[in-house]
Amino acid sequence: MIWLALTLMAPFGAGIAILALRRQPAALALAGSALGLAGALGLFAATARGDRIAAALPFLPGFPARLEASPLTATFALMVATVAVAVLIHAAGYMARDPGRVRFFGIMTLFVTAMELLVLSGDWITLLGAWEMIGFASWLLIGFWHHRPAVPEAALRAFLYTRSADLGLYLAVFLLIGATGSPEIAAASALTGPPALIAGLLLLLAAAGKSAQPPFQEWLMRAMASPTPVSALLHSATLVAAGAILLIRAAPMLPDAVLVAVGIVGGFGAVITGLMALAERDLKRLLAASTASQHGFMLITIAAGAPVAAVLHLVAHAAIKSALFLGAGIFQHDRNATTLDALAGAGRARPGVFAGFALAALALAGLPPMAAWFSKEAILAATWNSPLAPWLVPLALAGALLSGAYMGRALRVLWSGPAERAQTPVPFMAVGLWGLVILAVTLGPAFGPLEAMLGATIEDIPPFLPVLGLAVAAGGAALGWLLPPRRLLGPFLGPAERGFGIASALETLSARSALTLAGAVARLETEILAATLAAGRTGTRVAAATCRIDRDRIDGAIFALTRGLRASGQGLRRLQSGLIHRELALSMIGILLLIGVLLIAPLSF
Amino acid sequence: MMGRDLSFLLPELFLAGTAMLMIVAEMLRAPRLGMTIGLAGLAAATLLTLPVLDAETTVFGGTYRIDTLSGWAKLVLLPGTALALLMVRAEIGGRLREGSVHALIVMVTLGALMLAGAGDMMLVVLGVVLTGLGSFALVAWPRDDAATEAAMKFLIFGAVTGGVMTYGLTFWFGGTGSTLFADLGVLTGRPLILAAGLTALIVGLGYKGALVPFHFWVPDAYQGAPVSIAAYLSVVTKAAAFFALTQALRDLPREAGWPMALGLIAAVTMTFGYLAALVQTNLVRLLAYSSIAQSGYFLLAVVALGASEMALPALVTFAAAYAAMNLGAFAVVLVAGRELPDLEGFGRAHPWIGLSMVAFLLSLTGIPPLFGFFGKLGLFAAAIDAGHLWLAVIGIVNSVLGLGVYLRLVVPMYAAPGRRRAVRVPLPLFAVLAITLAATLGAGIWPGLFLR
């Protein structure tokens with residue numbers, strides 16, 4: 001209980017203190033997140049011993065807010081807290097001269113709190129609340145440099161995209177509570193039949209939105225406008241990971257049909273965004289596309305029925321991707337740009353940082369003995385043994401090949417090019433980076449015990465499979481290093497650079513149509529009214545016809561009213577309300593429609 | 001019997017007496033005294049409501065209901081009115097005929113209470129007329145062209161819809177031989193009469209509650225009236241309309257078809273309101289369209305009546321949340337100015353007021369942990385529980401649209417550099433901001449404290 005409180009309240013208290021005191025933000029944020037890490041460690045140790053920690057706080061009547069630390073949720077909590085500490089150390093250096101430091105660290109710590117709340121939540125309502133809070137906090141963080149061009153738009157896009165997909169979570173939560181009669185997440189695993197199918201698909205929609213799977217990937221690519229520590233946090237352990245975490249927690253209830261859909265979304269997501277990463281010309285956008293691709297892997301694994309392997313990959317990816325972003329942030333700091341052209345040779349200028357970046361990159365590619373090698377092996381094993389193996393295994397291998405290729409390409413660009421040694425030391429940033437790199441490199445051997453703790457059994461796989469996985473990863477990295485994407489992608493290069501047109505199609509479908517509609521509504525009172533008035537006349541004619549049949553009944557009354565009001569409307573011209581009769585005509589049409597619905601609706605019973 | 005009935009009516013009687021005293025104070029040209037009497041009367045009426053909160057009875061032969069709904073409605077409407085009085089004081093304090101505005105507001109609230117407790121058709125008509133007559137005068141108060149035009153439009157719409165309503169309700173009276181809602185059950189199986197009365201009711205109360213297509217007066221009236229009056233109309237009379245609709249429809253079988261009709265109106269209202277709000281540049285008009293959209297959300301609870309036990313709690317919770325956040329947003333407009341450019345840099349220049357505006361707008365969108373989130377959560381839950389999944393989907397999709405509407409206000413508040421302008425935050429307005437902000441935040445963080 002105390003650990004639970006510490007994990008949540010330490011970063012929260014730090015956030016409040018920063019916003020209230022407005023001084024020493026970095027130190028306060030570090031202290032808060034370090035205490036939070038201690039709490040998460042305590043939780044993890046306690047659950048590893050077999051304790052289950054749960055708390056029910058008074059909240060909505062009849063719906064207490066439940067928090068629970070199981071081995072799974074404690075693992076997530078530990079992951080979030082660890083990455084948060086490393087990222088905040090880095091940010092202490094990165095943001096040292098930014099005038100908005102107070103706001104930055106305040107929001108960051110509150111964001112971490114919301115994420116811890118999300119992973120530790122034991123009921124759907126708390127989860128939904130935390131889900132919305134991280135969405136909102138990420139909007140604030142992505143839009144942090146809102147005075148720069150394109151930044152407010154990127155933030156708004158991220159918020160609107162993910163929030164549209166949140167629709168799935170809202171509906172799924174209501175459906176699950178309604179079907180199981182209990183708001184507890186654990187109760188959902190007993191659900192079967194059509195409710196489980198529909199809820200599962202809705203959860204997939206929400207997860208695909210947050211984890212930036214196609215067709216939602218665009219928001220993540222644009223979110224690169226944020227400060228680099230924000231990207232490092234969003235991409236690794238928090239916002240994007242929330243989608244995968246949601247599906248991992250819901251995995252016990254997902255019926256087979258939903259698993260197939262998860263596999264399709266994840267598999268094609270991994271390959272499509274992998275191709276986009278390979279074609280990308282901006283380092284941060286490359287890393288963003290790779291984040292989407294790696295989350296595709298996690299979805300593949302969940303589809304294969306092995307959520308524990310997905311947890312391993314999530315943890316490995318959290319450490320690796322935050323390290324990569326922190327490295328990219330240092331290069332950006334040096335060159336004041338993130339395009340690959342501008343960054344050419346930036347790695348040679350800082351060999352120490354480049355070494356860390358390269359280790360993380362090779363780890364992401366899946367080379368032994370680093371973390372993602374273990375998790376990718378677990379993924380391959382899981383897909384091999386799943387009933388969906390015939391198409392999941394090729395997709396997973398293609399994704400792995402692409403991971404190698406785009407990381408190889410990034411390393412090549414950073415290494416080759418003009419380089420003069422960078423002078424300014426970056427102690428904070430380097431400490432944050434290396435802390436994560438060490439984790440990325442050494443985490444692998446811990447995965448065996450973690451797997452056992454999460455209750456998964458290591459399955460038998462044919463011996464050629466790990467060899468094949470290794471060959472694909474190394475081959476991909478070598479190809480990426482040796483060949484330019486033009487040669488690798490061939491005819492796919494153009495479409496991949498344009499994101500396969502998915503984003504623009506989605507825009508045309510949703511955003512544009514909404515804006516057009518809004519414009520149309522705006523013109524309603526001026527132009528369209530003329531047309532409606534014609535319809536109104538038809539309406540009055542109908543009324544008049546009815547009136548002949550049924551002289552002094554309701555329609556006659558309406559007719560008379562309309563006519564009388566038109567006359568008074570004319571009289572009121574002097575008061576500039578010439579449109580009132582038109583508006584009343586619209587209201588009358590509304591009344592006629594209403595009568596129609598009220599007469600027809602009872603027939604359907 | 002009479003004594004018992006009157007004892008249940010203490011809050012209403014008290015309020016009526018308060019309004020009389022306020023008129024006397026106005027005759028003595030003592031607007032401060034009038035407002036003090038008004039606030040005290042509202043506070044007393046609120047306190048007098050508490051003992052009868054759990055009552056489940058009727059007075060005067062079933063015409064007036066003293067039940068949980070009307071009790072909670074008073075707890076929303078009376079404090080809402082008090083906040084509106086404070087806003088009026090801050091906006092037009094010291095000007096001629098200020099006291100009549102105070103007295104009229106209390107009078108209109110009396111009509112709103114009648115609507116919320118109506119157990120009888122004639123009481124609904126009376127409530128609509130009582131709220132309407134006062135409101136026209138309130139809108140026309142500034143006495144300039146815009147206000148006069150707006151009040152005229154408001155009046156004409158009120159006359160038409162009121163006429164349709166009264167005419168249609170006579171069908172119900174003809175069918176049942178009684179004006180009590182409780183006797184409407186005998187109409188089962190007579191769809192034409194049911195449809196006539198239902199149309200009438202929806203038209204009359206839809207006008208009051210600003211539902212599409214009876215909303216045309218709303219943007220003009222809000223724009224022409226003083227901001228504080230717009231805030232008052234958008235909260236108190238609107239919520240009263242939905243309470244009255246609920247009181248009437250509770251006794252009608254769902255088979256009569258009204259859930260479908262209201263569901264369609266709700267969908268159109270939400271969508272139309274937010275779409276129209278997207279392109280407004282006048283803050284008051286924008287908030288007017290946003291409040292039209294929120295009317296659509298109100299209907300989600302009404303549609304779920306009789307099919308979900310969550311309908312009534314959801315209605316009351318959302319009404320309370322809506323009162324807090326909408327009054328708060330209008331109060332900020334009162335400080336900042338009526339045009340969108342007035343907000344540019346406002347959040348930077350005035351961090352506390354800016355932050356409260358952000359809280360109100362996000363609460364209107366339905367972002368946790370603010371009151372509006374729990375209000376909408378309850379509405380969606382009630383609609384889904386009642387089997388109207390499609391309606392909840394439209395509501396949630398529209399809340400994304402709403403996000404666009406409200407973020408359009410938040411972004412310029414912080415994006416542009418702050419132009420420090422001297423703004424006047426008189427004490428009454430400060431109190432309004434503090435109370436609405438405390439409710440929006442407090443009820444969001446500990447909803448359990450408020451909703452038992």
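For every chain, the first residue of its written sequence is number 1, and the numbers climb from 1 along that sequence. All chains are assigned letters beginning with A, and all ligands numbers beginning with 1, in the order in which they are written. The predicted nature of this model means local features are confined to residues of pLDDT at least 70 and side-chain atom pairs, given and counted, to a pLDDT of 80 or more, with totals for whole chains, interfaces and linings taken over all residues. The basis for the side-chain values is all heavy atoms of the structure; hydrogens and waters are excluded.

Q: I tried to follow the overall build of chain A on my own but got confused; where do I start?
A: A run of H or I in DSSP counts as a helix once it spans at least four residues, and a run of E counts as a strand once it spans at least two, with each numbered from the N terminus. On a plain count of helices and strands, chain A comes out with 26 helices and two strands. Burial status follows relative accessibility: with a 1.4 Å probe on protein chains alone, a residue under 20% of its type maximum counts as buried, one over 50% as exposed, and anything between as partly exposed. Within chain A, the fraction of its 605 residues that count as buried is 59%. Only heavy atoms enter the contact rule, under which two residues are in contact if any of them lie within 4.5 Å. Expressed as a percentage of contacts within chain A between residues at least 6 apart in sequence, the contacts between residues at least 24 apart total 80%. Shrake-Rupley sampling with a 1.4 Å probe provides the accessible areas, and residues are treated as covered by the protein chains on show and by no other component. For chain A, the exposed area adds up to about 22,400 Å²; of that, 68% sits on carbon and sulfur atoms.

Q: It is not clear to me how the overall build of chain B should be interpreted in this structure. Could you clarify?
A: When helices and strands are counted, chain B shows 19 helices and two strands. Per-residue burial for chain B yields a buried fraction of 67% across its 452 residues. Long-range pairs, those at least 24 residues apart, make up 79% of the contacts in chain B with a sequence separation of at least 6. Working note: accessible area of chain B is about 14,000 Å², and carbon and sulfur atoms make up 71% of it.

Q: Can you walk me through unusual backbone geometry in this structure?
A: Generally, phi is negative for residues other than glycine and the peptide bonds are trans, each holding for most cases. Residue and element names in this part refer to chain B. Pro 213 follows Val 212 through a cis peptide bond whose omega is 5°. Mapped onto the fold, Pro 213 is located in the loop between helix H8 (191-208) and helix H9 (217-224). Of note, the bond from Pro 368 into Pro 369 is cis; its omega dihedral lies within 30 degrees of zero at 0°. Positioned with a positive phi, Phe 60 is a non-glycine residue whose angle comes to about 55°. Tracing the backbone through its elements, the reader meets Phe 60 in the loop between strand S1 (57-59) and strand S2 (64-66).

Q: Help me understand the packing of helix H4 (residues 68-92) of chain B against helix H18 (residues 427-445) of chain B, please; the structure alone is not making it clear to me.
A: The geometry of a pair of packed helices is captured by two quantities: the angle between their axes and the separation between those axes. All names here are of chain B. Only C-alpha atoms enter the line fits that serve as axes; for helices the fit covers just the stretch in contact. Angles between N-to-C directions range over 0 to 180 degrees. Where H4 contacts H18, the two axes come as close as 8 Å, and the packing angle between them is 145°. Both H4 and H18 take part in a crossing whose hand is left-handed. Each of Leu 83, Leu 86, Met 87, Arg 89 and Ala 90 in H4 lies in contact with H18, whose residues at this interface are Pro 428, Leu 429, Ala 431, Val 432, Ile 435 and Thr 436. Under this grouping Gly is polar, as are all residues other than the nonpolar Ala, Val, Leu, Ile, Met, Phe, Trp, Tyr, Cys and Pro and the charged Asp, Glu, Lys and Arg. In terms of residue class, the contact of H4 with H18 is built from nine nonpolar, one polar and one charged. Should the near helix be turned counterclockwise from the far one by less than a right angle, the crossing is left-handed, whereas a clockwise turn marks it as right-handed.

Q: I tried to follow the packing of aromatic side chains on my own but got confused; where do I start?
A: Any aromatic ring pair is given by two values, namely how distant the centres are and how the planes are angled relative to each other. Here a Phe, Tyr or Trp ring, Trp counted by its six-membered ring, pairs with any other such ring whose centre lies within 6.5 Å, and the pair is stacked when the planes are under 30 degrees apart, edge-to-face when over 60, and tilted otherwise. If you walk through the whole model with that rule in mind, you get 27 aromatic pairs over all chains. Ring geometry for Phe 144 of chain A against Trp 145 of chain A: centres 6.3 Å apart, planes inclined by 55°, an arrangement best described as tilted. A relative accessible area of 1% places Phe 144 of chain A in the buried class. Take Trp 145 of chain A: its relative accessible area is 9%, and that puts it in the buried class. Here a set of aromatic residues connected by ring pairs shows up, and it is made of Phe 136, Phe 154, Tyr 207, Trp 217, Tyr 222 and Phe 330 of chain B. Sitting over a ring, as applied to charges here, requires NZ of Lys or CZ of Arg to be within 6 Å of the ring centre and within 35 degrees of the ring normal. Positioned above the aromatic ring of Trp 258 of chain B, the side-chain terminus of Arg 254 of chain B is 5.8 Å from the ring centre. Just above the ring of Tyr 297 of chain B sits the side chain of Lys 376 of chain B; from NZ or CZ to the centre is 4.2 Å.

Q: I would appreciate a short explanation of the packing of helix H13 (residues 311-336) of chain B against helix H16 (residues 371-385) of chain B in the present structure.
A: Residue and element names in this part refer to chain B. Where H13 contacts H16, the axes come no closer than 8 Å and their chain directions differ by 155°. Judged on the interaxial angle alone, H16 and H13 are roughly antiparallel. Taken as a pair, H13 and H16 cross one another with a handedness that is left-handed. Judged by residue contacts, Ala 311, Ala 314, Thr 317, Phe 318, Ala 320, Ala 321 and Met 325 of H13 engage Phe 371, Gly 372, Gly 375, Lys 376, Gly 378, Leu 379 and Ala 382 from H16. Counted by class, the contact of H13 with H16 contains nine nonpolar, four polar and one charged residues. Any angle between 65 and 115 degrees counts as roughly perpendicular, while under 35 counts as roughly parallel, over 145 as roughly antiparallel, and the rest as oblique.

Q: Just to check I follow, could you spell out the side chain of Arg 65 of chain B for this structure?
A: Residue and element names in this part refer to chain B. Mapping Arg 65 onto the fold places it in strand S2. Taking relative accessible area as the criterion, Arg 65 reaches 9% and is therefore assigned buried. Apart from the residues lying within four places of it in its own chain, the contact partners of Arg 65 are Thr 57, Thr 58, Ser 70, Gly 117, Ala 118, Gly 119, Phe 181, Ala 182, Gln 247, Arg 250 and Asp 251.

Q: How should I be thinking about the pattern of salt bridges in this particular structure?
A: Pairing is possible between side chains that carry opposite charge, provided their charged atoms lie close to one another. Residue and element names in this part refer to chain A. A carboxyl oxygen of Asp or Glu within 4 Å of a side-chain nitrogen of Lys or Arg is what we treat as a salt bridge. On inspection of all chains with the given rule, the structure shows 16 salt bridges over all chains. Taking the shortest distance from any N to any O, the salt bridge between Glu 184 and Arg 66 comes out at 3.8 Å. Of this pair, Glu 184 sits in the loop between helix H6 (151-180) and helix H7 (193-210) while Arg 66 sits in strand S2 (residues 63-69), and the two are 118 residues apart along the sequence. Residue classification places Glu 184 among the partly exposed positions, given a relative accessible area of 29%. With its nearest N and O atoms 2.5 Å apart, the salt bridge here joins Asp 334 to Arg 350.

Q: Would you mind showing me how to read the nonpolar core here?
A: Side chains of a nonpolar character, in soluble globular proteins, are inclined to be buried together. Within the largest apolar cluster, 376 residues are counted, with the highest numbers of intra-cluster contacts made by Trp 124, Leu 203 and Trp 219 of chain A together with Trp 172, Tyr 222 and Leu 249 of chain B. No other element matches the 18 residues that helix H13 (residues 307-335) of chain A contributes to this core. Contacts of Tyr 222 of chain B, omitting those with residues within four sequence positions, involve Trp 217, Ala 230, Leu 233, Ser 234, Val 284, Ala 288, Ser 291 and Phe 330 of chain B. Side-chain atoms within 4.5 Å are what join buried Ala, Val, Leu, Ile, Met, Phe, Trp, Tyr and Cys residues into a set we call a nonpolar core. Counting residues in hydrophobic clusters, the runner-up holds ten residues, among them Ile 379, Leu 380, Ala 396 and Ala 400 of chain A.

Q: In this structure, what is going on with the side chain of Thr 365 of chain B? I would like to understand it.
A: Position of Thr 365 of chain B among the secondary structure elements: in helix H15 (residues 351-365). Judged by relative accessible area, which is 2%, Thr 365 of chain B ranks as buried. Among all residues touching Thr 365 of chain B, those that are not within four sequence positions of it are Arg 163 of chain A together with Lys 376, Ser 399, Gly 402, Leu 403 and Tyr 406 of chain B.

Q: Would you mind going over the confidence of the model for chain B with me for this structure?
A: Note that predicted coordinates carrying low pLDDT should not be read in detail. For every residue, the predictor reports its confidence as pLDDT, a number between 0 and 100. Across chain B, the average pLDDT comes to 90, with 97% of residues at or above 70. Mean pLDDT values for the elements of chain B range from 58 in helix H19 (residues 447-450) of chain B up to 96 in helix H10 (residues 227-249) of chain B.

Q: Help me out: how do you make sense of the environment of Gly 224 of chain B in this one?
A: Residue and element names in this part refer to chain B. Topologically, Gly 224 is positioned in helix H9. A residue is classified by how much of its surface remains accessible, and Gly 224, at 10% relative accessible area, is buried. When the C-alpha atoms of Gly 224 and Ala 151 are compared, they prove to be 7.8 Å apart, with 73 residues separating the residues in sequence. Filtering out sequence-adjacent residues up to four positions away, Gly 224 remains in contact with Val 139, Pro 142, Ala 146, Ala 147 and Ala 150.

Q: Would you take a moment to explain the environment of Leu 259 of chain A for this structure?
A: All names here are of chain A. Within the secondary structure, Leu 259 is located in helix H11 (residues 256-279). Taking the C-alpha atoms as reference points, Leu 259 and Gly 200, separated by 59 residues in sequence, lie 8.6 Å from one another. Each residue touching Leu 259, except ones within four places of it in the same chain, is listed here: Leu 254, Ile 302, Ala 303 and Leu 388.

Q: Before we go on, may I ask you to explain helix H17 (residues 371-385) of chain A in this structure?
A: An α-helical segment advances 3.6 residues per turn. Residues three or four places apart therefore align on the same side. A helix's residues, less one, multiplied by 1.5 Å, set its expected span. Helix length check: H17 of chain A (15 residues) gives 22 Å between terminal C-alpha atoms against 21 Å at 1.5 Å per residue, within 8%. Buried within H17 of chain A we find Ala 371, Ala 372, Ser 375, Lys 376, Ala 378, Ile 379, Leu 380, Ala 381, Ala 382 and Thr 383 of chain A.

Q: For this particular structure, what's the right way to read a nonpolar patch on the surface?
A: All names here are of chain B. Surface patches are defined over residues having more than 30% relative accessible area and no salt bridge, joining like charges when they lie within 9 Å and nonpolar side chains (Val, Leu, Ile, Met, Phe, Trp, Tyr) when within 5 Å. A surface patch of nonpolar side chains, about 420 Å² in accessible area, is lined by Met 2, Leu 6, Leu 10, Leu 13 and Phe 60. For Leu 13, the position within the fold is in helix H2 (residues 10-27). Residue classification places Leu 13 among the partly exposed residues on the basis of a relative accessible area of 42%.

Q: Help me understand the confidence of the model for chain A, please; the structure alone is not making it clear to me.
A: Residue and element names in this part refer to chain A. Averaged over all residues, the pLDDT of chain A is 81; the fraction at 70 or higher stands at 82%. The low-confidence segment residues 525-536, where pLDDT is below 50, has 17 contacts with residues more than four positions distant or belonging to other chains. Long-range and interchain partners of residues 542-578, a stretch whose pLDDT sits below 50, account for 35 contacts in this model, where long-range means more than four residues apart.

Q: Help me understand the environment of Ala 86 of chain A, please; the structure alone is not making it clear to me.
A: All names here are of chain A. Mapped onto the elements, Ala 86 comes out in helix H3 (residues 71-94). Along the sequence, Ala 86 and Leu 30 sit 56 residues apart, while their C-alpha atoms lie 9.2 Å from each other. Residue contacts for Ala 86: discarding those within four places in its chain leaves Leu 326, Gly 432 and Leu 436.

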